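Read off the chains here:
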Amino acid sequence: MATTYISTGETKGTRIKTNAARVFSYIFLVFVALLSLFPFYLLIINSTRSNAELQSGFSLIPHANFVKNFVTAWNDTNLFTFPRSLFNSFFVAAVASLLTTYFSAMTAYGIQVYNFKGRNVMFKFILIIMMIPTQISAAGFLQLIDKFNMRDTYWPLLIPAIAAPSVFFYMKQYMESSMPMEVIEAARVDGSNEFRTFNTIAVPMLKPAISVQLIFAFVASWNNYFTPALVLDSSKNWTLPIALAAVRARINSEAGDMGEVYMFIFLSIIPVVLVYIFISRNIVEGVALGAVKG
């Protein structure tokens with residue numbers, strides 16, 4: 001049998017090339033990270049500047065108006081109050097994300113675990129619904145909520161969250177790749193009913209996927225402007241996107257304050273960051289395991 005020898009020079013050359021590629025990759029990733037974080041840094045800087053300083057031009061240095069802008073934004077009572085809008089957004093986003101992930105996981109569990117006639121047709125129908133934009137059904141949606149006297153309430157923002165085709169699809173793919181059917185069958189043999197099996201056995205196995213979808217659903221609901229703007233009339237019920245649009249509309253008037261606007265934006269992203277930090281430990285695992293199997 002012939003033996004192949006690798007010279008020391010070739011080994012060192014390969015090692016040098018590998019190290020160089022690794023260093024270049026790290027430099028590139030650091031550059032992309034800084035590029036991604038730059039808008040947030042600029043937002044923080046602008047939240048420390050006054051309206052006159054913001055109109056004077058660009059700056060990378062913090063100024064001394066952070067506390068003043070915070071007090072102005074927090075105590076602004078023109079049409080609405082920021083604390084009330086903050087609470088409204090958090091309530092709607094939290095409840096909607098919980099409903100979305102739980103019932104989407106339950107729907108995916110039913111289609112994945114049970115073998116019944118029409119299962120594939122139902123799966124494809126849900127995927128077709130996922131492709132229909134929300135704006136297409138806006139007129140009929142408004143007529144429906146008016147008929148049920150739900151205008152200017154949070155029900156039109158919470159009830160539709162139960163049906164989320166995109167979340168269902170993600171949970172279905174995650175179950176196919178990561179949920180062993182043997183565990184479900186063993187629970188049935190032990191006498192566990194289906195509802196208990198889903199809540200005590202399936203849900204813990206789906207924890208990474210649920211964490212990912214909680215974050216995505218929370219952010220989507222938090223940033224949603226279209227539907228709340230259609231159904232919420234009273235300023236006391238406004239969510240943050242509507243309140244921010246109202247503040248932004250005052251910029252062209254004498255009462256407009258860009259410092260207040262940037263402070264609004266800065267305060268608005270803090271709850272999203274906190275939610276991400278709280279449940280982000282499972283996001284990498286959830287994205288990796290929930291990928292579509294090739």
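Quick note: structure is the one above.
All of these numbers come straight from a predicted model, not from anything done at the bench.

Q: Looking at this model, I keep getting lost on the overall build of the chain. Mind explaining?
A: The number of helices and strands found in the chain is 15 helices and zero strands. Going through the 294 residues of the chain one by one, you find that 37% of them count as buried. Considering only contacts within the chain whose residues lie at least 6 apart along the sequence, 72% involve residues at least 24 apart. Surface summary for the chain: the accessible area is close to 17900 Å², and the carbon and sulfur share equals 68%.

Q: What exactly am I supposed to notice about helix H8 (residues 165–178) here?
A: Since the α-helix advances by 3.6 residues per turn, residues separated by three or four positions end up pointing in the same direction. An ideal rise of 1.5 Å per residue puts 20 Å on 14 residues; H8 measures up with 20 Å between its terminal C-alpha atoms. All buried positions along H8 are accounted for by Pro165, Val167, Phe168, Tyr170, Met171, Lys172, Gln173, Tyr174 and Met175.

Q: Looking at this structure, I do not really get unusual backbone geometry. What am I missing?
A: The bulk of non-glycine residues show a negative phi, and the bulk of peptide bonds are trans. One non-glycine residue, Asn149, adopts positive backbone phi at about 55 degrees. Mapped onto the fold, Asn149 is located in the loop between helix H6 (138–147) and helix H7 (155–158). Phi angles above zero are rare outside glycine, and Asp152 is one such case at about 65 degrees.

Q: How do you make sense of the packing of helix H5 (residues 119–130) against H8 when you look at a structure like this?
A: Any two packed helices are characterised by the angle at which their axes cross and by the distance between the axes. With their axes 8 Å apart at the nearest point, H5 and H8 run at an angle of 135 degrees to one another. Between H5 and H8, the interaxial angle falls into the category oblique. The two elements H5 and H8 meet at a crossing, and its hand is left-handed. Residues Phe123, Ile126, Leu127, Ile129 and Met130 of H5 touch H8, and the partners they reach there are Pro165, Ser166, Phe168, Phe169, Lys172 and Gln173. Of the residues assigned to the contact of H5 with H8, the class counts are eight nonpolar, two polar and one charged.

Q: Would you explain the side chain of Ser85 in this entry?
A: Along the chain, Ser85 falls in helix H4 (residues 82–113). When neighbours within four sequence positions are excluded, Ser85 is seen to be in contact with Phe80, Trp238, Thr239, Leu240 and Ala243.

Q: What am I meant to see in the environment of Pro83 here?
A: As for its placement among the helices and strands, Pro83 is situated in helix H4. The class for Pro83 is partly exposed, based on a relative accessible area of 28%. For the pair Pro83 and Leu240, spaced 157 residues apart in sequence, the C-alpha to C-alpha distance is 9.6 Å.

Q: Explain the environment of Val92 here, please?
A: Among the secondary structure elements, Val92 is positioned in helix H4. In the structure, Val92 is positioned 126 residues away from Phe218 in sequence and 8.9 Å away in space, judged by C-alpha atoms. Apart from the residues lying within four places of it in its own chain, the contact partners of Val92 are Tyr154, Leu157, Leu158 and Ser221.

Q: Could you clarify how one ought to interpret the environment of Pro62 in this entry?
A: In this structure, Pro62 sits in the loop between helix H2 (51–56) and helix H3 (66–74). Along the primary structure Pro62 and Tyr41 are separated by 21 residues, whereas in three dimensions their C-alpha atoms are 9.9 Å apart.

Q: I tried to follow the pattern of salt bridges on my own but got confused; where do I start?
A: Pairs can form between side chains of opposite charge whenever their charged atoms are close. In total, this model carries five salt bridges according to the counting rule given. We note a salt bridge from Glu185 to Arg188, for which the minimum N-O separation is 3.2 Å. Of this pair, Glu185 and Arg188 are both found in helix H9 (residues 181–189), three residues apart, which corresponds to roughly one turn of the helix. A relative accessible area of 38% means that Glu185 is categorised as partly exposed. Here Arg188 falls in the partly exposed class, since its relative accessible area comes to 25%. Each of the salt bridges in this network shares a partner with another, and the network as a whole consists of Asp146, Arg151 and Asp233.

Criteria and cut-off values
- By convention here, each chain's residues receive numbers from 1 onward along its written sequence.
- Where totals are concerned, whole chains, interfaces and linings use all residues; where local detail is concerned, this predicted model gives features only for residues with pLDDT of at least 70, and gives and counts side-chain atom pairs only at 80 or more.
- Only hydrogens and water are set aside; all other atoms, that is, all heavy atoms of the structure, feed into the side-chain values.
- Per the convention used, a helix needs a DSSP run of H or I reaching at least four residues, while a strand needs a run of E reaching at least two, with both numbered from the N terminus.
- With a 1.4 Å probe rolled over the protein chains alone, any residue whose accessible area is under 20% of its type maximum counts as buried; one over 50% counts as exposed, and the rest are partly exposed.
- Whether two residues touch is decided by their heavy atoms; if any such pair falls within 4.5 Å, the residues are in contact.
- To measure how exposed things are, a 1.4 Å probe is used in the Shrake-Rupley method; for residues, cover is taken only from the protein chains shown.
- In this analysis, the expected span of each helix is defined as 1.5 Å times one less than the number of residues it contains.
- Axis definition: a line fitted to C-alpha atoms, over the contacting stretch in the case of helices. Angles run 0 to 180 degrees between N-to-C directions.
- Geometric relationships in this document are graded by angle, where less than 35 degrees denotes roughly parallel, more than 145 denotes roughly antiparallel, 65 to 115 denotes roughly perpendicular, and other angles denote oblique.
- Left-handed describes a crossing whose near helix is turned anticlockwise from the far helix by less than a right angle; the clockwise case is right-handed.
- All residues other than Ala, Val, Leu, Ile, Met, Phe, Trp, Tyr, Cys, Pro, Asp, Glu, Lys and Arg, Gly among them, are scored as polar; the first ten of these are nonpolar and the last four charged.
- Any carboxyl oxygen of Asp or Glu within 4 Å of a side-chain nitrogen of Lys or Arg constitutes a salt bridge here.

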